[in-house]
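The chain contents come next:
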Amino acid sequence: MEQSKDVTDFFVSLAREFLDEWPLASLVCAYAGGSVGRGEADAYSDLDLHIFVEGERDPSCENRLFKGYVIQLQVQSAPTDEEVYENPWAWRYLKEAKVVLDPEDRFTSWMNDMCAYMDSPTGKAKMFAQAKAEVDSFHEEAQAALIEGFPYSAYLAAWAGWIGALQMCAFFQGHSLSDAQLYQLVQKARRSDGMDGFFQETYRSNQDVQDALMPLADYRAHLRSINEGIEFALAAENDWLIKRKVQRLQETNQLDMARFLLFSEAIWLYHSVDSDEWLENHWADLPTKISLSLPKLGFFQADDQLLSDLRHASAEIIAKVG
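The model shown is predicted, which means the values in this text are computed figures rather than measured ones. (Residues numbered from 1 in each chain as written. Predicted model: local features only at pLDDT ≥ 70, side-chain atom pairs only at ≥ 80, totals over all residues. Heavy atoms only, no water.)

> Help me understand the overall build of the protein chain, please; the structure alone is not making it clear to me.
The number of helices and strands found in the protein chain is 14 helices and 5 strands. Taking 20 Å as the expected radius of gyration for a compact globule of 322 residues, we find that the protein chain reaches 20 Å, a close match to that expectation. Taken over 322 residues, the protein chain has a buried fraction of 49%. When contacts within the protein chain are restricted to residue pairs at least 6 apart in sequence, long-range pairs at least 24 apart make up 73% of them. Counting only carbon and sulfur atoms, one obtains 49% of the accessible surface of the protein chain, whose full area is about 16000 Å². Of the side-chain charges in the protein chain, 28 are positive and 52 negative, and the distance between the mean point of each set is 6 Å. (Helix = DSSP H or I, 4+ residues; strand = E, 2+ residues; numbered from the N terminus. Rg over C-alpha atoms; globule rule 2.2 N^0.38 Å. Buried < 20%, exposed > 50% of the residue type's maximum accessible area, 1.4 Å probe, protein only. Contact = heavy atoms within 4.5 Å. Areas by Shrake-Rupley, 256 points an atom, 1.4 Å probe, with all protein chains shown as cover. Lys, Arg positive; Asp, Glu negative; His and termini not counted. Charge placed at Lys NZ, Arg CZ, Asp CG, Glu CD.)

The structure is reproduced here in structure tokens:
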């Protein structure tokens, strides 16, 4: 496989070529995020290209095919200092940004200032408090879902809280936002929800993982057929991207990470169209074949004990981070 630096440099050049052919008059800057931003890109990576523009603009996300590569393009208004100071946890990804285009040399110095704030005692304390509040909110949602009689939704919210705590660990202790860092923490953490045993039973081979891509693609295609204007998460190119990510993990015999990735992708699709609806109600509107196949990707039903276990596990992780 090619060296990370070589592949990263290739994607940065590709981004600049793309911007040459698709210029934006209001562009303030452009940066690469994800593995390219971290300098960890490999042959299976895609390009997350973020563009800040002048003036007020609703954020937009779309996939662009350019010279045989998928560019996940995200455009939004340039943030102000105050926005970052007010909500630094939401802007933590700036710490892993690689500048692609900064025509007036504004973004680089601004980004350095914002990252310096995030690294300051004040910035770190605010980020920690905001991240912890998110985790607590997920666990409160889980309890509310269970009370209302939605055990699948309760599990999903509690799981999100637990993952949020691990993301805090990855960021504050591992100094990384990469999926690989999060996967490692997931594997090391003591699980109390039965997911590990379920995955080991369901995915015994590479073929089992490949087979799981089919219901995921069917789910995406169905959602695309009934939802207009949601082009990013539901785009068919994402089936190709998820397949490549799975292949990368299979090559290195990291089936646990591949299983986690498929489950996370299904959650992303659900949240992209129906995040305000309980998962059970969302499933009820799906074709029977699809609704029956989705639990096999790792969705569970929670009870009071499981919610308590995951909340306690999250609190333990956060205590160690703090």
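Having put the structure on the table, let's press on.
> Is there a simple way to explain the nonpolar core in this structure?
Residues Trp-162, Leu-166 and Phe-299 are the most contacted members of the largest nonpolar core, which totals 83 residues. Per-element tally for this core: the top contributor is helix H6 (residues 151-172), with 16 residues. The contacts of Leu-166, once residues within four sequence positions are left out, are Leu-182, Leu-185, Val-186, Ala-189 and Ile-317. Residues Ala-15, Phe-18, Leu-19 and Leu-27 belong to the second largest nonpolar core, which totals 21 residues. (Core = buried A, V, L, I, M, F, W, Y, C linked by side-chain atoms within 4.5 Å.)

> Would you mind going over the confidence of the model for the protein chain with me for this structure?
If pLDDT is low for a region, its predicted coordinates should not be looked at in detail. With 94% of its residues at a pLDDT of at least 70, the protein chain reaches an overall mean of 91. Mean pLDDT values over the elements of the protein chain span from 57, in helix H8 (residues 195-202), up to 98, in helix H5 (residues 121-147). (pLDDT = per-residue confidence, 0-100.)

> Would you take a moment to explain the pattern of salt bridges for this structure?
When the charged atoms of two side chains with opposite charge come close together, those side chains can pair. Inspection of every chain in the model, using the stated rule, returns 11 salt bridges. For Glu-54, the salt bridge is made with Arg-106, and the minimal N-O distance between the two is 2.7 Å. Here Arg-106 lies in the loop between strand S5 (98-101) and helix H4 (107-119) and Glu-54 lies in the loop between strand S2 (47-53) and strand S3 (60-66), a separation of 52 residues in the sequence. For Glu-54, a relative accessible area of 44% translates into the label partly exposed. Of the residues examined, Arg-106 reaches a relative accessible area of 37% and is grouped as partly exposed. A salt bridge links Arg-220 to Glu-265; the nearest nitrogen and oxygen atoms lie 2.8 Å apart. (Salt bridge = Lys/Arg side-chain N within 4 Å of Asp/Glu carboxyl O.)

> Just checking my understanding: could you explain the pairing of S2 for this structure?
As a general feature of sheets, a regular strand has side chains that alternate between the two faces. Most of S2 sits out of view: 7 of its 7 residues are buried. Neither face of S2 is open: one carries Leu-47, Leu-49, Ile-51 and Val-53, the other Asp-48, His-50 and Phe-52, and all of them are buried. In the sheet, strand S1 (residues 27-33) pairs with S2 via 6 bridges, with the strands oriented antiparallel. Bridge pairing in S2 places Gly-33 opposite Asp-48. Across 7 bridges, the pairing between S2 and strand S4 (residues 69-77) is parallel. Paired with Phe-52 across the bridge in S4 is Gln-76. (Pairing = 2+ DSSP bridges.)

> Can you help me understand the packing of H6 against helix H11 (residues 255-274) in this one?
Packed helix pairs are characterised by how far apart their axes lie and by the angle those axes make with each other. Between H6 and H11, the shortest axis-to-axis distance is 13 Å and the interhelical angle comes to 115°. H6 and H11 meet at a crossing whose hand is left-handed. Side by side, H6 and H11 meet where Tyr-155, Leu-156, Trp-159 and Ile-163 of the first sit next to Phe-260, Phe-263, Ser-264, Ile-267, Tyr-270 and His-271 of the second. Residues of the contact of H6 with H11, tallied by class, amount to 8 nonpolar, 2 polar and no charged. (Axes fitted to C-alpha atoms, helices over the stretch in contact; angles between N-to-C directions. Left-handed = near helix turned anticlockwise from the far one by under 90°. Nonpolar A, V, L, I, M, F, W, Y, C, P; charged D, E, K, R; others polar.)

> I tried to follow the environment of Val-273 on my own but got confused; where do I start?
Turning to its location among the elements, Val-273 is positioned in helix H11. In the structure, Val-273 is positioned 40 residues away from Ala-233 in sequence and 9.0 Å away in space, judged by C-alpha atoms. Dropping the residues within four chain positions of it, Val-273 is found in contact with Leu-223, Asn-227, Ile-230, Leu-234 and His-282.

> Just to check I follow, could you spell out H4 for this structure?
Side chains of residues three or four places apart in an α-helix project in the same direction, reflecting 3.6 residues per turn. Counted at 1.5 Å a residue, the expected span for H4 with its 13 residues is 18 Å, and the 18 Å between its end C-alpha atoms agrees. Taken together, the buried positions of H4 are occupied by Phe-107, Trp-110, Met-111, Met-114, Cys-115, Tyr-117 and Met-118. What you see down the axis of H4 is that its buried residues fit within an arc of 155°, all on one side. Contacts made by the buried residues of H4 are with S1, S2, helix H3 (81-86), S5 and H5. (Expected span 1.5 Å × (residues − 1). Arc of directions from axis to C-beta.)

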